[in-house]
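A look at the structure
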Amino acid sequence: MKVTHYRFSISWPRMLPDGTTSWINQPGVDYYDRLIDALLEVNIEPIVTLHHWDVPQHLQDKYGGWMDERIVADFDEFARLCFQNYGHKVKFWVTLNEPYTITMIYGTSIQGFREARPGVDCYIVGHNLLKAHATAYHSYVNDFKPTQNGQIGISLNSEWYEPKDPLRPKDVAAAERAIEFYLGWFANPIYVGDYPQVMKDFIGNKSTAQGRNESRLPEFTAAEIEYIKGTYICFCQPIFVELN
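These notes cover the structure that comes with them. (Residues numbered from 1 in each chain as written. Predicted model: local features only at pLDDT ≥ 70, side-chain atom pairs only at ≥ 80, totals over all residues. Heavy atoms only, no water.)

Notes on the sheet that holds strand β1 (residues 5-9)
What counts here: Strands are treated as partners if at least two bridges between them are detected by DSSP. A run of DSSP states H or I qualifies as a helix once it reaches four residues; a run of E qualifies as a strand once it reaches two. Both are numbered from the N-terminal end. A fitted line through C-alpha atoms represents every axis, and for helices the fit uses only the stretch in contact; the resulting angles, taken between N-to-C directions, go from 0 to 180 degrees.
Across the sheet, which stays open at both edges, the four strands sit in the order β1-β2-β3-β4 with parallel pairing between neighbours. At either end of the open sheet lies a strand with only one pairing partner, and these are β1 and β4 (151-155). Strand-to-strand twist across the sheet, computed as the mean angle between neighbouring axes with direction ignored, equals 25°. The pairing of strand β2 (residues 45-51) with strand β3 (residues 92-97) spans four bridges and is classified as parallel. Bridging from a neighbouring strand, T49 pairs with V94 of β3.

So this is what it looks like as structure tokens:
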């Protein structure tokens, strides 16, 4: 197939069964070490994703997984372990795979593992995901990149929306708003800074109409906006194709 690059995900609970470095599963660590070596032996460059939706059960039980800000420090601890073990061989890192999908897992009750609050939990989870991405990014850039010379970013997914009637301004605005709520939710804080204004206005107004004292969309501090802004190397988006 003449493959030059291979992207795979490291399982957080496989490496750290309780989600922290207090319990390191060495056979799990060794497995990925062998996989990376096997790829490099045949001149295939590994692209390693740190999180593809599998949260350690212990952290889910302890504080609700991505619903709690404490996961930011635990994810950074896991990321740093990966950088320490594989960074001398891996030159391309992805912090999170499709964070939008993670918010939908937590934002609905269809998964069966928890009762969700639609329109509330998803925004809390997204907030923590962005903080975790930025923290892992800065850990790599500050403490590992100077000696390992790799790159790190995030993989964002999105649907594409077209207006029902391209000549009707309301339809055009609706299509643009849908993309901002899907892709802009994560891309805007990383590439521009802070959430899209349309999200802040729309959710804020809806929250007020619902009698809430504050928006269902959490706010970043000025320092957090700057910390998250610029945490990318390029724009990464997964594309799926079917081979017959």
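Examining the nonpolar core
Cut-off, in case you're wondering: Throughout, nonpolar core names a set of buried Ala, Val, Leu, Ile, Met, Phe, Trp, Tyr and Cys residues whose side chains join them through atoms within 4.5 Å. Exposure categories follow from relative accessible area, calculated using a 1.4 Å probe and restricted to protein chains: below 20% of the type maximum is buried, above 50% is exposed, and the middle band is partly exposed. Here, two residues are considered to be in contact whenever any of their heavy atoms come within 4.5 Å of each other.
Of all hydrophobic cores here, the largest spans 62 residues; its most connected members are I10, M15, W66, F75, F78, Y86 and W93. It is helix α6 (residues 121-143) that provides the largest number of residues to this core, a total of ten residues. For M15, the contacting residues outside a window of four places in its chain are I10, W23, I24, N25, G28, V29, Y32, F78, L81, C82 and Y86.

Quick word on the packing of aromatic side chains
Test applied: Aromatic rings from Phe, Tyr and Trp, with only the six-membered ring used for Trp, were paired whenever their centres fell within 6.5 Å, and each pair was classed as stacked if the ring planes differed by under 30 degrees, edge-to-face if by over 60, and tilted otherwise.
Applying the stated criterion across every chain yields a total of 18 aromatic pairs. Taking the centre distance of 6.2 Å and the plane angle of 5° together, the rings of F8 and Y32 count as stacked. With F8 in strand β1 and Y32 in helix α2 (residues 26-41), the pair connects residues that are 24 residues apart, well separated along the chain. Each member of the pair, F8 as well as Y32, is classed as buried. Between the aromatic rings of F83 and F144, the centroid separation amounts to 5.4 Å while the plane-to-plane angle is 55°, which identifies the pairing as tilted. Here F83, found in helix α4 (residues 70-86), pairs with F144, found in the loop between α6 and α7 (145-148); they are 61 residues apart in sequence, far enough to count as distant. In this structure, F83 and F144 share a single accessibility class: buried. The rings of Y100, Y123, Y182, W185 and F186 are connected pair by pair, giving a single aromatic cluster.

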